[in-house]
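Listed below, chain by chain, are the residues.
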Amino acid sequence: MAEIVRMPKLGLTMTEGTIVKWLKKEGEEVKQGEPLLEIQTDKVNLEEEAPASGILRKILAPEGSVVAVGQEIAIIGAETEPLPEIGKNTGVEVKQAGVEPERPAPAPPPSEKVKASPAAKRVAREYGIDLKSVTPTGPDGRVVERDVLEYIESRKVKATPVARKIAEEKGVDLSRIGKLEGERITKQDVLEALKLASVEPREEYRVIPWAGMRKIISDKMVKTKAQVPHFYLTLEVDMGKALELREKLAPKIQELNGVKLSINDILIKAAARALVEHPLVNSSAGEEGIVVKNRINIGLAVALDDGLIVPVIRDADKKGLVQISKETAELIKKAREGKLMPDDYLDGTFTISNLGMFDIEEFSAIINAPESAILAVGKIVKKPVVVEDEIVVRPMMKLTLSCDHRVIDGALGAKFLRRIKQLLEDPVEMLL
Amino acid sequence: MAEKLYIDALREGLREEMQRDESVFLLGEDIGIYGGAFGVTRGLIDEFGEERVIDTPISEQAIVGMAVGAALSGMRPIAEIMFFDFLTLAMDQLINQGAKIRYMFGGKAKVPMVVRAPMGSGTGAAAQHSQSFPGVFAHFPGLKVVIPSTPYDVKGLIKAAIRDDNPVVFAEHKLLYRVKGEVPDEDYVLPLGKADVKRKGRDITIVAGSIMVIRALEAAKELEKEGIDVEVIDPRTLKPLDMRTIIDSVKKTGRVLIVEDDPMSFGWGAEVAAGIAGSEAFDYLDAPVKRLAGLDIPIPYNPNLERHAVPQVENIVEAVRELLR
């Protein structure tokens with residue numbers, strides 16, 4: 001019996017994945033459990049194992065294509081058996097594909113108001129669907145929720161999201177691209193159609209499609225900045241004692257777990273401690289009220305070549321510097337290699353973003369929703385400061401706290417930030 | 001749990017509160033030896049005597065006015081009005097006096113009284129003895145309005161009404177007196193302002209009050225055969241009105257039918273409909289809010305016409321089908 005390989009769901013939020021590489025060719029033999037292909041989700045690259053043994057009969061999604069979760073990507077079967085028909089009774093592709101694309105005909109004139117139920121409008125708004133393209137089946141020719149959902153379902157089956165996106169941008173009519181029954185229109189198909197249709201493209205720029213991690217970051221930041229009322233608090237910390245502490249502890253910690261203690265580790269510890277004392281900062285604005293989190297999971301923003309990811313140190317308040325430094329080192333390594341698993345980056349309750357290593361002295365960060373605050377850390381700069389009426393040179397560092405004003409008021413944010421300052425300037429207390 | 005009639009559960013509630021609190025007393029026309037026009041107070045005079053079960057002259061204004069005065073001076077009167085229709089005679093005492101005094105005295109005076117009355121059509125009592133208009137009282141600030149639909153509810157709610165420090169209009173539907181249901185023997189009180197989900201369902205919400213709860217549940221049984229899963233919400237009190245429960249239900253089902261015994265125009269169903277339209281449930285509606293209510297006519301004497309004057313089970317079934325078409 002032929003086995004259909006589908007795009008796996010590798011995380012709670014994953015809706016589609018990119019086929020990075022097929023590790024087997026069509027016609028090659030595969031064994032169950034053997035690596036079959038490499039998939040990139042919005043966060044990570046993962047090797048996916050073959051679900052069955054047999055011959056890799058057909059690759060349905062070429063390298064580079066973006067495929068929805070649950071969609072078929074390959075068929076594994078015996079050498080001689082007939083291939084199953086793809087796209088039928090799969091639960092994903094409901095409408096017959098390849099035939100004339102169903103468009104409600106004739107299309108109403110653009111100015112005409114579409115009768116739709118509020119529920120239908122809400123779903124259409126959520127999915128960015130034009131109600132005019134939906135065939136109404138409700139009373140009095142009204143578009144009801146079910147119609148929109150069916151339309152979304154039917155639209156889903158015919159092209160990959162990237163193909164659809166490119167087609168939209170370039171004005172390619174997807175219905176004009178012929179495809180065998182059951183097969184999806186891919187990015188390649190659209191690009192080929194473009195080549196055929198247009199004259200030599202004289203491009204003065206290139207477009208990187210919103211996809212993968214870039215798309216997640218883009219969507220999330222727009223949403224956060226628009227929906228979360230931010231305010232910012234900045235203060236300066238004398239890092240002299242914290243640096244001394246690091247000097248003292250670093251060799252011992254290195255001996256214990258082979259990892260260098262970083263300023264970030266000390267910051268995580270200080271923030272965790274301050275969060276214990278200010279639980280309201282460790283919360284999020286929920287639909288019904290303020291959701292105060294019982295666990296303190298601190299995220300550390302890690303820059304990647306093509307994006308940004310925030311791995312999470314769980315229960316940071318209950319961990320010592322030895323443990324924190326070990327975990328951060330591991331997570332940063334995994335993040336840079338694109339090997340983070342959802343468990344490594346989900347459920348954060350507070351985030352720290354440090355751009356000191358890029359010589360940034362001060363900046364304000366956008367909150368990592370649904371968290372309520374983020375700490376932006378600048379470079380430690382030696383500068384003259386006044387201590388007891390004397391000008392002395394001290395290593396100073398600027399901290400900027402972005403707060404969600406729905407949850408955190410100025411005074412609370414200020415108290416919390418001042419507490420971090422106190423802990424960093426007298427770090428011994430932090431170790432208690 | 002024992003099965004009891006609505007009327008017996010109601011009497012049990014009255015009796016228990018009279019036993020519990022000496023300041024509780026009854027007054028009304030023929031409520032003593034005769035036991036009230038429908039028999040609600042039957043036997044209570046033997047137990048509590050003429051001082052606490054007071055037969056009054058035929059003057060609704062005097063009955064309610066006396067109740068207001070007694071309540072102000074520390075008693076907890078329960079006034080029975082023989083037919084809900086006659087409450088119009090006591091409007092000034094109820095609305096201009098009873099409902100406002102606590103406010104006008106800056107909270108220093110309380111008016112802990114209940115006005116009970118049987119309402120509704122279906123008994124051939126003609127135009128002046130068959131009306132339902134509890135919504136009218138819900139319009140006036142200072143009054144609470146209760147429309148219990150089951151024996152269990154009527155006992156728990158009459159006790160809450162008696163213990164409340166504000167005037168409460170307690171509207172009993174005549175056809176409900178003979179309805180049976182489970183009523184626990186122990187003392188229990190149901191909160192005013194909390195709706196009850198009488199039946200859970202996913203396809204459509206019916207918001208029904210008083211006698212219409214019974215009809216909506218029957219309709220739901222009928223519709224179940226067609227695969228339609230109806231949720232029935234009984235607001236139980238019109239004021240305070242528990243919109244939260246209604247909104248949550250509509251968000252779940254996307255469709256709503258409001259069924260009331262009162263005449264349609266300016267009725268409480270409009271209040272519910274507006275509450276839904278103005279809430280976040282609006283975005284979950286998959287059909288316009290629909291209302292079924294009494295016709296805008298005086299209740300006819302002719303039994304066939306009388307039946308047509310207010311929603312029946314088949315009307316509810318048909319309206320649901322229409323909404324789900």
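As a reminder, the structure under discussion sits directly above these lines.
Per chain, the residues get numbers from 1 upward, laid out in the order the sequence is written. As they are written, the chains are lettered A onward and the ligands numbered 1 onward, keeping that order. Residues qualify for local features only when their pLDDT is at least 70, as the model is predicted, and side-chain atom pairs are given and counted only at 80 or more; totals for whole chains, interfaces and linings, by contrast, use all residues. With hydrogens and water set aside, each side-chain value is computed from the structure's full complement of heavy atoms.

With that settled, the discussion passes to the overall build of chain B. Under the scheme used here, helices are H or I runs from DSSP no shorter than 4 residues and strands are E runs no shorter than 2 residues, and both carry numbers assigned from the N terminus. Regarding its fold elements, chain B presents 12 helices and 14 strands. When a residue's accessible area, from a 1.4 Å probe over protein chains only, is under 20% of the maximum for its type it is buried; when over 50% it is exposed; and in between it is partly exposed. Sorting the 325 residues of chain B into buried and exposed places 58% on the buried side. By definition, residues are in contact when any of their heavy atoms lie within 4.5 Å. For chain B, the proportion of contacts with a sequence separation of at least 24, taken over those separated by at least 6, is 83%. Element-wise, carbon and sulfur atoms account for 54% of the exposed surface of chain B, whose accessible area totals about 13100 Å². Surface accessibility follows the Shrake-Rupley procedure with a 1.4 Å probe radius. Residue values consider only the protein chains on display as shielding.

This part covers the interface of chain B and chain A. If you look at the interface, chain B gives nine residues, while chain A gives 11 residues. With both chains or domains summed, chain B and chain A bury close to 860 Å², and 45% of this area falls on carbon and sulfur atoms. Summed over the three residues of chain B that lose the most area to chain A, namely D283, D286 and R325 of chain B, the buried surface amounts to 58% of that side. By salt bridge we mean one thing: a side-chain nitrogen of Lys or Arg within 4 Å of a carboxyl oxygen of Asp or Glu. Between D283 of chain B and R125 of chain A there is a salt bridge, with its nearest N and O atoms 3.5 Å apart. Pairs of N or O atoms within 3.5 Å make up the polar contacts considered here, provided that, within protein, one atom can donate a hydrogen while the other can accept it, and that residues adjacent in sequence are counted only when both atoms are side-chain atoms. Summed over the shared surface of chain B and chain A, the result is six residue pairs in polar contact (both at pLDDT 80 or more). Residues belonging to the side of chain B that touches chain A are distributed by class as follows: five nonpolar, no polar and four charged. The buried area of a pairing is the accessible area, by a 1.4 Å probe, that goes missing from both parts when the two are put together, added over both. Three categories are distinguished: nonpolar for Ala, Val, Leu, Ile, Met, Phe, Trp, Tyr, Cys and Pro, charged for Asp, Glu, Lys and Arg, and polar for the others, with Gly belonging to the last.

This part is about the pairing of strand β16 (residues 350-354) of chain A. All names here are of chain A. Most of β16 sits out of view: five of its five residues are buried. Where strand β12 (residues 298-300) lies against β16, three bridges are found, and the strand directions are parallel. Paired with L300 across the strands is I352, a residue of β16. Sheet analysis places β16 next to strand β17 (residues 373-387), joined by four bridges and oriented parallel. At least two bridges found by DSSP between two strands are what make those strands a pair.

Moving residue by residue along a regular strand, the side chains alternate between the two faces of the sheet. All names here are of chain B. Within strand β10 (residues 204-208), five of the five residues are buried, which leaves the element mostly enclosed by the surrounding structure. Residues I204, I206 and A208 point to one face of β10 and T205 and V207 to the other, with burial holding for every one of them. Note: β10 against strand β11 (residues 230-234), four bridges, orientation parallel. Counted as the bridge partner of V207 is I233 from β11. Note: β10 against strand β13 (residues 256-263), four bridges, orientation parallel. Each residue of the ladder has a partner; that of V207, found in β13, is I258.

The next point concerns the nonpolar core. Here is a general trend for soluble globular proteins: nonpolar side chains tend to be buried in one another's company. As used here, the term nonpolar core means buried Ala, Val, Leu, Ile, Met, Phe, Trp, Tyr and Cys residues forming a set that is joined through side-chain atoms within 4.5 Å. In this structure, F170, I206 and L257 of chain B are the most contacted members of the largest nonpolar core, which totals 58 residues. If you tally residues by element for this core, the top one is helix α8 (residues 211-224) of chain B, at seven residues. For each domain, the first and last residues come from an automatic or database assignment. Lining this core are residues from two domains, each supplying at least three of them: domain 1 (2-183) and domain 2 (196-324) of chain B. Residues within four places of F170 of chain B in sequence aside, it is in contact with L10, V114, V115, R116, A117, V146, P148, V154, L157, I158 and A161 of chain B. With 56 residues, the next largest nonpolar core counts L233, L261, A271 and L417 of chain A among its residues.

This next bit is on the sheet that holds strand β6 (residues 144-146) of chain B. All names here are of chain B. Spatial strand order, β3-β2-β4-β5-β7-β6-β12: seven strands in an open sheet with mixed pairing. The strands lining the two open edges of the sheet, one partner per strand, are β3 (53-55) and β12 (237-239). Geometrically, the sheet is characterised by an average inter-axis angle of 20 degrees between neighbouring strands, direction not taken into account. Note: β6 against β12, two bridges, orientation antiparallel. Paired with V146 across the two strands is T237, which belongs to β12. Only the stretch in contact is used when fitting a helix axis, every axis being a line fitted to C-alpha atoms; angles between N-to-C directions are given from 0 to 180 degrees. Strands β2 (24-28), β3, β4 (76-80), β5 (114-119) and β7 (168-173) of the sheet are contacted by helix α1 (residues 6-20), whose axis makes an angle of about 130 degrees with β2. In the packing of helix α7 (residues 151-163) onto the sheet, contacts are made with β2, β4, β5, β6, β7 and β12, and the angle to β7 comes to roughly 160 degrees.

Another aspect to go through is the packing of aromatic side chains. Think of it this way: a Phe, Tyr or Trp ring, Trp meaning its six-membered ring, pairs with another when their centres are within 6.5 Å, and the plane angle makes it stacked under 30 degrees, edge-to-face over 60, tilted otherwise. Enumeration over the complete set of coordinates arrives at nine aromatic pairs over all chains. Ring centres 5.1 Å apart and planes at 65 degrees place the aromatic pair F84 of chain B and F133 of chain B in the edge-to-face group. Taken together, the positions of F84 of chain B in the loop between β4 and α4 (91-98) and F133 of chain B in the loop between β5 and α6 (134-138) put the pair 49 residues apart, joining distant regions of the chain. Owing to a relative accessible area of 10%, F133 of chain B belongs among the buried residues under this scheme. Ring geometry for F84 of chain B against F137 of chain B: centres 5.7 Å apart, planes inclined by 90 degrees, an arrangement best described as edge-to-face. Residue F84 of chain B is located in the loop between β4 and α4, and its partner F137 of chain B is located in helix α6; the two are separated by 53 residues in the primary sequence. Comparing F84 of chain B with F137 of chain B shows no difference in burial state: the two are buried. Connected via pairs of aromatic rings, a cluster forms that spans Y6, F38, F83, F86 and Y177 of chain B. Above the plane of the ring of Y284 of chain B lies R122 of chain A, whose end atom (NZ or CZ) is 3.8 Å from the centre. Two thresholds decide whether a charge sits over a ring: the Lys NZ or Arg CZ must be within 6 Å of the ring centre and within 35 degrees of the ring normal.

Here the focus is the sheet that holds strand β3 (residues 29-30) of chain A. Residues and elements named next belong to chain A. Taken together, four strands build an open sheet; the order of strands is β1-β8-β6-β3 and the sheet is antiparallel. Each end of this open sheet is capped by a strand with a single partner; those strands are β1 (3-6) and β3. Pairing of strand β6 (residues 54-59) with strand β8 (residues 72-77), which is carried by four bridges, proceeds in the antiparallel orientation. Note that in β8 the partner of L56 across the bridge is I76.

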